[in-house]
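Residue-level listing of the chains:
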Amino acid sequence: MFKILKKSFKTGIVTGQYPPAPAGQKFSVAPTAQKKAELFRKSLTIREVDTGSCNACEMEMNALANPVYDIERLGIHIAASPRHADALVVTGPVTVSMEGPLKDVFKTTPNPKLVIALGDCAINCGIFKGSYGVTGPVDQHIPVDVRIPGCPPRPSEIIEALTELRKGVTTFTRWFRKFSGNP
Amino acid sequence: MEPVFNPVEHLQCLFGPAINRVSTNHGIPVVHVPTNQVLPITRYIHANEELRGTLSLLWAVDRRPREERYELWYLFTLAESKDWLMVSTDLPGEERLFESITPKIHAANWYEREIRDMFGLIAQGHPDLRRLVRHNHWPKGVHPLHTNFPWNSILQWRQPPGSVDGHFIHGEGVFEVPVGPIHAGIIEPGHFRFTVAGEPIMHLDLQHFWKHRGVEKLFEQQTLAGGVALAERISGDTTLGHSLAYCQAVETLWEIHVPRRARYLRSVFLELERLHNHIGDVGGICNDTAYALAHAHCSRLKERVLQLNDRLTGSRFLRGVNCVGGVGIDLSTDQFSELVTELEHIENDFTELEQIIAVNASLIDRFESTGILKKQTAWDHGVVGLVGRASGIDRDLRRDRPFAAYDELPVRVAGSSHGDVRARVQVRVSEIHESIRLIREIQRLLPDGPLKSDRQVAPDAGAWALSAVEGWRGEILYFLMIGEHEQIHRCKVRDPSFVNWPAIQMAVIGNIIPDFPLINKSFSLSYAGNDL
Ligand code: SF4
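If you're wondering where the values come from, they're calculated on a predicted model, not measured in any experiment. (Residues numbered from 1 in each chain as written. Chains lettered and ligands numbered in written order. Predicted model: local features only at pLDDT ≥ 70, side-chain atom pairs only at ≥ 80, totals over all residues. Heavy atoms only, no water.)

(A) Structural view of the overall build of chain A. Within chain A one finds seven helices and eight strands. Counting over 183 residues, chain A shows a buried share of 52%. Restricting the contact set of chain A to residue pairs at least 6 apart, pairs at least 24 apart contribute 86%. As displayed, chain A offers around 8,300 Å² of accessible surface, 59% of which is attributable to carbon and sulfur atoms. (Helix = DSSP H or I, 4+ residues; strand = E, 2+ residues; numbered from the N terminus. Buried < 20%, exposed > 50% of the residue type's maximum accessible area, 1.4 Å probe, protein only. Contact = heavy atoms within 4.5 Å. Areas by Shrake-Rupley, 256 points an atom, 1.4 Å probe, with all protein chains shown as cover.)

(B) Structural detail: the domain arrangement of chain B. Residues and elements named next belong to chain B. One can read the domain layout of chain B as domain 1 (22-124) and domain 2 (215-531). Inter-centroid distance (C-alpha atoms) of domain 1 to domain 2 is 27 Å. Here domain 1 packs against domain 2, burying approximately 2,900 Å² in sum over the two surfaces, 65% of which is carbon and sulfur. When residues of domain 1 are sorted by the area they lose upon contact with domain 2, Lys82, Trp84 and Trp110 head the list and together hold 23% of the total. Residues Lys492 and Glu114 are paired through a salt bridge, measuring 3.1 Å at the closest nitrogen-oxygen approach. Across the domain 1-domain 2 interface, the total number found is eight residue pairs in polar contact (both at pLDDT 80 or more). Elements represented by at least two residues in the side of domain 1 that touches domain 2 include exactly strand 2 (28-32), strand 3 (53-62), strand 4 (69-78), strand 5 (84-92) and helix 3 (109-119). (Domains from an automatic or database assignment. Buried area = accessible area lost by both parts, 1.4 Å probe. Salt bridge = Lys/Arg side-chain N within 4 Å of Asp/Glu carboxyl O. Polar contact = N/O pair within 3.5 Å; in protein donor to acceptor, adjacent residues only side chain to side chain.)

(C) Local environment of the site of the ligand. Taken together, the neighbourhood of the ligand is formed by A:Ser53, A:Cys54, A:Ala56, A:Cys57, A:Gly119, A:Asp120, A:Cys121, A:Gly150, A:Cys151, A:Pro152, B:Arg233 and B:Arg319. Mapped onto the shell around the ligand, the elements with two or more residues apiece are helix 3 (56-64) and helix 5 (120-124) of chain A. For the shell around the ligand, the class distribution of residues is six nonpolar, three polar and three charged. (Near = heavy atom within 4 Å. Nonpolar A, V, L, I, M, F, W, Y, C, P; charged D, E, K, R; others polar.)

(D) Expanded view of the nonpolar core. Residues B:Tyr74, B:Phe219, B:Leu272, B:Phe336, B:Leu339 and B:Tyr478 are the most contacted members of the largest nonpolar core, which totals 171 residues. A total of 12 residues in this core trace back to one element, the largest contributor, which is helix 7 (residues 260-287) of chain B. Of the residues that make up this core, three or more belong to each of domain 1 (22-124) and domain 2 (215-531) of chain B. When near neighbours in sequence (up to four residues on either side) are disregarded, B:Tyr74 contacts B:Val38, B:Thr42, B:Leu55, B:Leu57, B:Leu58, B:Leu85, B:Met86, B:Val87, B:Thr89, B:Phe98 and B:Ile101. Counting 28 residues, the second largest nonpolar core, distinct from the first, contains A:Val68, A:Ala87, A:Ile159 and A:Ala161. (Core = buried A, V, L, I, M, F, W, Y, C linked by side-chain atoms within 4.5 Å.)

(E) The packing of helix 8 (residues 292-313) of chain B against helix 9 (residues 333-358) of chain B, seen in detail. Residue and element names in this part refer to chain B. Interhelical geometry of helix 8 versus helix 9 gives an angle of 170° and a closest axis separation of 11 Å. In terms of axis orientation, helix 8 runs roughly antiparallel to helix 9. Residue-level inspection shows Leu293, Ala294, His297, Cys298, Arg300, Leu301, Arg304, Val305, Leu308, Arg311 and Leu312 of helix 8 in contact with helix 9, the latter providing Gln335, Glu338, Leu339, Glu342, Leu343, His345, Ile346, Asp349, Phe350, Leu353, Ile356 and Ile357. Among the residues making up the contact of helix 8 with helix 9, the classes are represented as 14 nonpolar, three polar and six charged. (Axes fitted to C-alpha atoms, helices over the stretch in contact; angles between N-to-C directions. Parallel < 35°, antiparallel > 145°, perpendicular 65-115°, else oblique.)

(F) Focus on the sheet that holds strand 9 (residues 191-197) of chain B. Residues and elements named next belong to chain B. What the three strands build is an open sheet, ordered 8-9-10; its pairing is antiparallel. Only two strands of the sheet have a single neighbouring strand rather than two, namely strand 8 (174-179) and strand 10 (201-207). Geometrically, the sheet is characterised by an average inter-axis angle of 15° between neighbouring strands, direction not taken into account. The pairing of strand 9 with strand 10 spans six bridges and is classified as antiparallel. Looking across to strand 10, one finds that Thr195 is bridged to His203. Running at roughly 160° to strand 10, helix 15 (residues 496-507) makes contact with strand 9 and strand 10 of the sheet. (Pairing = 2+ DSSP bridges.)

(G) Structural view of the pattern of salt bridges. Residue and element names in this part refer to chain B. One pass over the full model with this rule turns up 63 salt bridges over all chains. We note a salt bridge from Asp62 to Arg64, for which the minimum N-O separation is 3.0 Å. Judged by its relative accessible area of 5%, Asp62 is buried. On the basis of relative accessibility, which here comes to 12%, the residue Arg64 falls in the buried class. For the salt bridge of Arg63 with Glu67, the shortest nitrogen-to-oxygen distance reads 3.6 Å. For Arg63, a relative accessible area of 10% corresponds to the buried category. Under the relative-accessibility criterion, Glu67 is labelled partly exposed at 28%.

Next up, the structure:
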């Protein structure tokens, strides 16, 4: 017990100890996406779906949950089932065998929902483009709201994109809108 | 002096006229035999006390359009000497049938099913010829690795995707629990079908290849020099292992002597890759017993290694480090001292953590005797890498077939004989310390010099090379054959996951389903590298 406490004190708080995302915004957020994201206010539940990635994109998604990035502090939560999700994060080109499961997942996710394509593969199939094994990028099968390019995008870049997506949803703006009667 | 035992001469003595000819390619002996002799000869290599060969790789090559034939290749690793021995046979013309060796050599099971799917060559006598790579909704008669199959074909489904055949056990009180392809965590897709009676698992049927992207066919669209980026993207967590194995294969073909400094740097990066994955896995395994504290610490340490990678190479996963002929990134003396200091901190940090983990009784209780993979089972399946070492299979390519700088860097190979989750954790922990030691050792030895050398020869179409790298999971094998104009004619990729997945089906028997995630994580296999 003593050892555990000592270790925790010695380590201190590591959250935020990461280099900032490289300058120059690369991600794109569809204009309607921010509006949709407003509904979820400051809490967003994500479900990750891998449709054929090389698993580096997954590792970066996993990294988001580690103590260094700790996205829970931003109100972002990773759900175990698409039924609990507000947003789907899709990685990888959509393979012939994963096309069906992806569509099923999209169907089971309750409306309204956001779809985030993570990584070059999800956006344009990347290096796997054209292969008999892939049926196309994510937006060929389901509508995509946010695109985060990179191979893989760094966790800091993912956080930046998610922050941009939920911009404008401060308590202040909500108040302001309510009282100005201008939704 | 005892006469040196020569396996090829031994086979020639015994099988004499049954062997067509014997050749050597880049130091690997190849025994060419007629199709009907494959079974007796491979069986002999596998079972003979002096040879005891494990099947390391089995693959086919379509030699069209140059020659009207298919080739089948069998690669064995001999138990004592750890040497390679290859057997090869031809299927001329329209011949589509060959004799299955699976009934005698279990490790051939998935390979022969893969060959059937990818080439349409049928292993006669195979006990389980279900589709492996092509799921049921794939159209009939599609064999993507035929030379005349266009790489960019658009497949027309036969039925809605997602249906798979399973092996079922029927009986009173027997239940089936299907899991996947989409799982609860952030992991890759795969379908697991458990058959249980009460709590214990009676049978597990794996259905993978959801992520099949056609990597081997994509390689055939590349030139030899251009394939590195694709190799890096086969399995992201093994970026460096795969790119290194690919580069080595090309370097063998072009007879490039990689400069010493580049070879040392390759070892450094390979150990860094081992490090971040092992640390992450130790945490992941603890997390699967709901021990979140260890997981938090380990993922913090893993992040430190990834950030270190990023600072040194500009990529958290070491993309773009390897190139054909050497490495594209150098480390200055300052960078190297930064690396070693940071690793020292990480090692101290990790050692403290180890002491906390080691005394946690509830954790050890979950680890011990869970998911036992017996040595015999591991040997029968040809299991490689750390999973094999934890089950008493003493194989490590860094020592047995030194590549990069390992010929000058003796590696202390970790091992255990228990084969349970705990053994796999222990092997990982030893390897973490060993990797850090090796990098420190390299700091002392790192020579100066160029980072890259040029090609020496331009081999003809049909030349081939094999290369092997001990990645963090285990042996990564590449077979590379040149076609016309320096195009790749065939590239067979074997991630260690491909051989270790079937073994997991054996390790779970008798365990309860809640222990499955733990066992699975302790194997920590790649879906992407397996599915290709
Ligand atoms: S974008 Fe890059 S890192 Fe992500 S899945 Fe594709 S190849 Fe892998």
